[in-house]
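As a plain string of letters, each chain reads:
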Amino acid sequence: MNPPLRLTGLLLAVFLWVSPAFTQAIKGIVRDSTGKLVPYASINLKSSPGNLIIAFTTTDTHGAYLLRLPAKPIAGTLYLEVRCVGYKVQSRQISGAGEEIDFTMVESVSELPSVIVRNHRPVLRTSGDTLSYTVSDFSRPQDRVIGDVIKRLPGISVASDGTISYNNKPVSGVYIGGDNLLDDKYNIATGTIPPGVVDQVQVIDNHQPIKVLRDKVTSDDVALNLTIKDKAKLHLIGKEDVGAGLPGNYDVNLSALAFKNNYKAINELKGNNTGYDLQQDLVSHNLTDYLLRIGNEPPATLLSLGPVNSPALSRDRYLFDQAGLLNANNLVNLNSGLHLRINAYYLHDTQKQDYSQQTTIFLPGDTVRYAEALHNRFEPDLFHAQLVLNANKDKSYVNDAFVLDDNRSINYSALNTNGSMLNQQFTDQSLNFANELNLIKATRSNDIIQGYSYISHFAEPENRSIGPNYDSALFNNDAPYAQLIQKVNVPTWFTNNYISLLIPGEIVNQSFRTGFSIQSQTLNSNLGILQSSNMISPESDSAINHLDWNKKRLYAEADYDIPGEKLKARLSLPVSLQRIDYSDNNYGLARGLTRVYFNPQLRVKYQIGKENFGTLQYSYRNENGSVEDIYQGYILKDYRTLYANNANLTLRQHQVAAIGFNYRKAITLFFFGVNVLYDHNHSNTIFSSVINNNMQQLVTLPFPNNTDSWTLAGSISKYSFALQTTFEADAKWQDMRSVQIQNSSVLPFTMVTGTVALQAETKLSDKVNFSYRITGTQIATSLSMAGSLSRIDQLQQVAAVYFVPVTNWQFKLSGEHYFSHSPGSADLKYFFADASVKWSLKKWKADWELDCVNFLNVRAYNAFNLSQNMLSTSSYTLPGRIILLKVIFDL
């Protein structure tokens, strides 16, 4: 027989044999409650009793299904069941074949069931954009606060200032039980909350905190949420530390915490003279984002006692302080959905610093050297108060925040510069208040209307005196005098207001915004000489400024969002009309500038796989200088820098492009991320300095200038279940190129920085834990016309071992090793060691802890610092050995 005929006959026979088994069918259409067709729903034919599946199919793209029934009779009752993700399960009894059965699905009000990933211990839980770490899986007996646990979580890193990053991206904030108690000052939470009260640390990707904007305005933010155990919500929590020791040291930490659903609080009283800087608790980690949101940057502090390089050393190793902090953070959830929040603190500190420095500046055909020693004392008084009213609902959002800052400081310095003995006193008083109002409302047509208003006032009178007889040849015609007095103040009013309309679409959401901003400033400064006769005279006519500045801006912006599951993108197209007027009658200065600016931004996130995605960002910004860039009278910014300007207003075009890839495999606790960033800045001005052995005179000149940098950063984190160890690696490389004019020579600089860090934290046994981190850094600078200028190689190692022989005893031994190398200089090597023992008395709910910090009694530390063509060797006096006995108890 012909093979094709044989095959046809065989297929016909099979069809005739199978078709009797499925000769009957049921069909129908599946819709949701709005009438929309539901594709890919599962249709199951089941029998009862037994709940057995007899036949099944799925709906097509038009919501239709056809389910063939077996010809052989089935015992029991038959019914049809429909299942689809996001809808409630529906079932219906059938009486026979040939029926048309349609279904109307009802959306499920419950959340999708979470996916639990288990592979022995620890446990990760994923649910949508949320990844949850169970705290008990990663905690250790030595952990005092939740921040100790967060540092250990795979995929999460914590910088020395407390900044938390997830897969190489800084988090936008830390929420407590879903509430925003602290904004971005989350060091207060991570450094205070006991780990035992936290159930999970949740990482929320694509975090959009405003409910009415969710699924409408894309966000690439990452936030943390600390879920609180139910029993911890029932009562007030207090973790109190009181310690005293030698030589004359004390450390007090008193806290009162509450984590109820309708009331949350972190209130604390702290004081110490052990070197811990309490200002670290108050760091705003996302200040740059806040300034971009309000559209204004307050004037920077213009004066100082002089440049002081901070060593690559833990701050509590070298800080002499005597500090106290009263910090109150309270949030009340009212029944109406309104949240009332009050954040306030007062800090007083007295810091001392003994510091000396040898500085070498490499110039074409010349080398300038400075030698200086400073004995500094800083006395800051910082007061901050913030009142926030917030209502965050599905259809509306209201947020009104009033902020008051009153920061005062008196600083002193005994200075020896190139053999000249000088005394300095610097008084700085800044007062700032601001109110930010944000209203968002969804209309009946599902459009969203927003109104925004921000207003602020800022003033910072600065007064610094230097004497006696500082560089009298330059400042007083070589005649002796008592003091050189520099005064500066830049009072500033600013307001920014806009309205916007968001129109949701099936694929693209459109938003349109229009508004205006006004900035009004006056820069007042004068440099005076207190003569030996106790009379004050102006240093010169060119050392006075009274510069008025006004900047007005009208702007309109169109934003387009794609909030898809696979593709998230946001394109911003802002256009602004800007007018700047500035004048100073002392110099016959009266100028104005009108510009139209277009500053597009694009942000794309593409979900490549279930747990990995790529990102792309680009921004182009037209920027202009500020009132601090155009004053023409000299200001003595510090004892070595005399600064003025001789150019028009600085105009910059700033472009940033970045691409990244992030990968996560939750089942194996593996995280990987890599990012590449290019930053280009073009300016119409350039810095020019004249440097000699006593002074740097700096001016701004009208010449074009470019600054370029490439940055490559990556991180990898893996938890080994077999070794019970978290392994981490970080690497960063940056190439920065810039141009300056020094002593009439145009100098194109290249500065390359590379950093590699490896870390392991392991549980060797139930009684022993061990951690180790090694960080290598290389900084190299070069000048295109002269080749390599200098290089610094640094290596830092930190190790700690924890031993718990029995449940109520803990021992810790830790060490830090620092190595620095610079060609032509002797290598620097330092080793610090600490030890502690803790005895727990459960009956008294108290712990006794004996700490010995720096028990090798290292009293001095030297460090290299490199910046462009300036190499410095700095020497710091350290506090030395500290022995402290603490009692730690719960209330």
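Residues numbered from 1 in each chain as written. Predicted model: local features only at pLDDT ≥ 70, side-chain atom pairs only at ≥ 80, totals over all residues. Heavy atoms only, no water.

Okay, the overall build of the chain next. Regarding its fold elements, the chain presents 7 helices and 52 strands. When burial is assessed residue by residue, the chain has 46% of its 891 residues classed as buried. Element-wise, carbon and sulfur atoms account for 57% of the exposed surface of the chain, whose accessible area totals about 42900 Å². In the chain, 78 positive and 79 negative side-chain charges are present, and the distance between their average locations comes to 8 Å. (Helix = DSSP H or I, 4+ residues; strand = E, 2+ residues; numbered from the N terminus. Buried < 20%, exposed > 50% of the residue type's maximum accessible area, 1.4 Å probe, protein only. Areas by Shrake-Rupley, 256 points an atom, 1.4 Å probe, with all protein chains shown as cover. Lys, Arg positive; Asp, Glu negative; His and termini not counted. Charge placed at Lys NZ, Arg CZ, Asp CG, Glu CD.)

Moving on to the sheet that holds strand β11 (residues 156–158). Reading across the sheet, the 3 strands line up as β11-β12-β13 and stay open at both edges, with antiparallel pairing between neighbours. The strands lining the two open edges of the sheet, one partner per strand, are β11 and β13 (169–170). Summarising the sheet, strand β12 (residues 164–166) and β13 pair through 2 bridges and their orientation is antiparallel. Along β13, the bridge assignment pairs S165 with P170. (Pairing = 2+ DSSP bridges.)

Looking now at the environment of T707. On the secondary structure map, T707 appears in strand β42 (residues 705–720). For the pair T707 and N648, spaced 59 residues apart in the sequence, the C-alpha separation amounts to 19 Å. In contact with T707, not counting residues within four places along its chain, are D679, H680, N681, R737 and S738. (Contact = heavy atoms within 4.5 Å.)

Bringing the packing of aromatic side chains into the picture now. Applying the stated criterion across every chain, the model contains 23 aromatic pairs. Here Y166 and F671 contribute two aromatic rings whose centre-to-centre distance is 6.0 Å and whose plane-to-plane angle is 75°, an arrangement assigned as edge-to-face. Of this pair, Y166 sits in strand β12 while F671 is found in strand β39 (residues 670–683), placing the two residues 505 residues apart along the sequence. Assigned by exposure class, Y166 and F671 land together as buried. Taking the centre distance of 6.1 Å and the plane angle of 45° together, the rings of Y318 and Y876 count as tilted. Separated by 558 residues along the polypeptide, Y318 in helix α6 (residues 315–318) and Y876 in strand β51 (residues 870–877) bring together distant segments of the chain. (Phe/Tyr/Trp six-rings, centres within 6.5 Å; stacked < 30°, edge-to-face > 60°.)

What follows is about the pairing of strand β41 (residues 696–701). Relative to β41, strand β37 (residues 641–643) runs parallel, the two being bridged by 3 bridges. Residue pairing for β41: L642 is matched across the bridge by Q697. In this antiparallel pair of consecutive strands, strand β40 (residues 686–691) and β41, the connection spans 4 residues.

Position of R640 relative to the elements: it lies in the loop between β36 (635–638) and β37. R640 sits in the buried class, given a relative accessible area of 5%. In this structure the side chain of R640 is engaged in a polar contact, spanning 2.6 Å, whose partner is the side chain of T417. When residues no more than four places from it in sequence are discounted, the contact partners of R640 are Y370, E372, T417, Y470, N693, N694, M695 and Q696. (Polar contact = N/O pair within 3.5 Å; in protein donor to acceptor, adjacent residues only side chain to side chain.)

Sheet topology note: the strand β47 (residues 809–821)/strand β48 (residues 828–841) ladder contains 12 bridges and is antiparallel. Looking at the pairing, G815 lines up with A833 of β48. The antiparallel hairpin formed by β47 and β48 contains 6 residues in its connecting segment, where G824 sits at a positive phi of about 90°. In the sheet, β48 pairs with strand β49 (residues 846–853) via 7 bridges, with the strands oriented antiparallel. Within the sheet, the bridge partner assigned to A835 lies in β49 and is C852. As consecutive antiparallel partners, β48 and β49 are separated by 4 residues, and within that stretch K845 has a phi angle of approximately 50°, a positive value.

Summary statistics for the chain give a mean pLDDT of 89 and a share of 94% for residues scoring 70 or more. Below a pLDDT of 50 lies the segment residues 1–23, which in the model reaches 12 contacts outside its immediate sequence neighbourhood of four places, other chains included. (pLDDT = per-residue confidence, 0-100.)

Here we come to the sheet that holds strand β5 (residues 77–83). Ordered by their spatial adjacency, 4 strands build an open sheet running β3-β2-β5-β6, and the pairing between neighbours is antiparallel. Looking at strand neighbours, the two that pair on one side only are β3 (52–58) and β6 (90–93), the edges of this open sheet. Each strand of the sheet is rotated relative to its neighbour by a mean of 20°, with strand direction disregarded. Pairing of β5 with β6, which is carried by 4 bridges, proceeds in the antiparallel orientation. (Axes fitted to C-alpha atoms, helices over the stretch in contact; angles between N-to-C directions.)

With that out of the way, let us pick up unusual backbone geometry. Between L246 and the following residue, P247, the backbone shows a cis peptide bond with an omega angle of 0°. If you trace the backbone, P247 turns up in the loop between β17 (239–246) and β18 (249–259). Phi at N743 is positive, roughly 50°, even though this residue is not glycine. Relative to the helices and strands, N743 is located in the loop between β43 (725–742) and β44 (745–763). Given a relative accessible area of 28%, N743 falls into the partly exposed group.

Once that is clear, we can look at the nonpolar core. As a rule of thumb, nonpolar side chains are buried together in soluble globular proteins. In this structure, Y133 and I193 are the most contacted members of the largest nonpolar core, which totals 40 residues. The element best represented in this core is strand β16 (residues 222–228), accounting for 4 residues. Counting 32 residues, the second-largest nonpolar core is a separate cluster that includes L642, I792, Y830 and A863. (Core = buried A, V, L, I, M, F, W, Y, C linked by side-chain atoms within 4.5 Å.)

Among the surface-exposed residues, L246, F803, V806, W809, F811, W839, W844, W848, L850, I883 and L885 lie close enough to one another that they form a single nonpolar patch of about 1100 Å² accessible area. At the level of secondary structure, the elements contributing two or more residues to the nonpolar patch comprise β46 (787–806), β47, β49 and β52 (882–890). Structurally, the position occupied by I883 is in strand β52. (Patch = residues over 30% accessible without salt bridge, like charges linked within 9 Å, V, L, I, M, F, W, Y side chains within 5 Å. Salt bridge = Lys/Arg side-chain N within 4 Å of Asp/Glu carboxyl O.)

Further remarks concern the side chain of D205. The topology assignment puts D205 in strand β15 (residues 198–205). Excluding its chain neighbours within four sequence positions, the residues that come into contact with D205 are D129, D221, V222, K605 and F613.

Moving on, we get to the environment of A459. With respect to the secondary-structure elements, A459 resides in strand β25 (residues 448–459). Excluding residues that lie within four positions of it along the chain, A459 makes contacts with Q429, S430, L431, N489 and P491.

Here the focus is the pattern of salt bridges. Throughout the structure, instances matching the rule amount to 35 salt bridges. Among the salt bridges present, the one from D281 reaches K270, with a minimum N-O distance of 2.9 Å. Here D281 is found in the loop between β19 (263–272) and α5 (287–294), whereas its partner K270 is found in strand β19, with 11 residues between them in sequence. The partner of R377 in a salt bridge is E379, with the nearest N and O atoms 2.9 Å apart. On the basis of relative accessibility, which here comes to 22%, the residue E379 falls in the partly exposed class. Counted as one network, the salt bridges with shared partners bring together K46, E81 and R83.

Quick look at the environment of V768 now. Position of V768 among the secondary structure elements: in strand β45 (residues 768–783). Residue contacts for V768: discarding those within four places in its chain leaves K763, V801, Y802 and F803.

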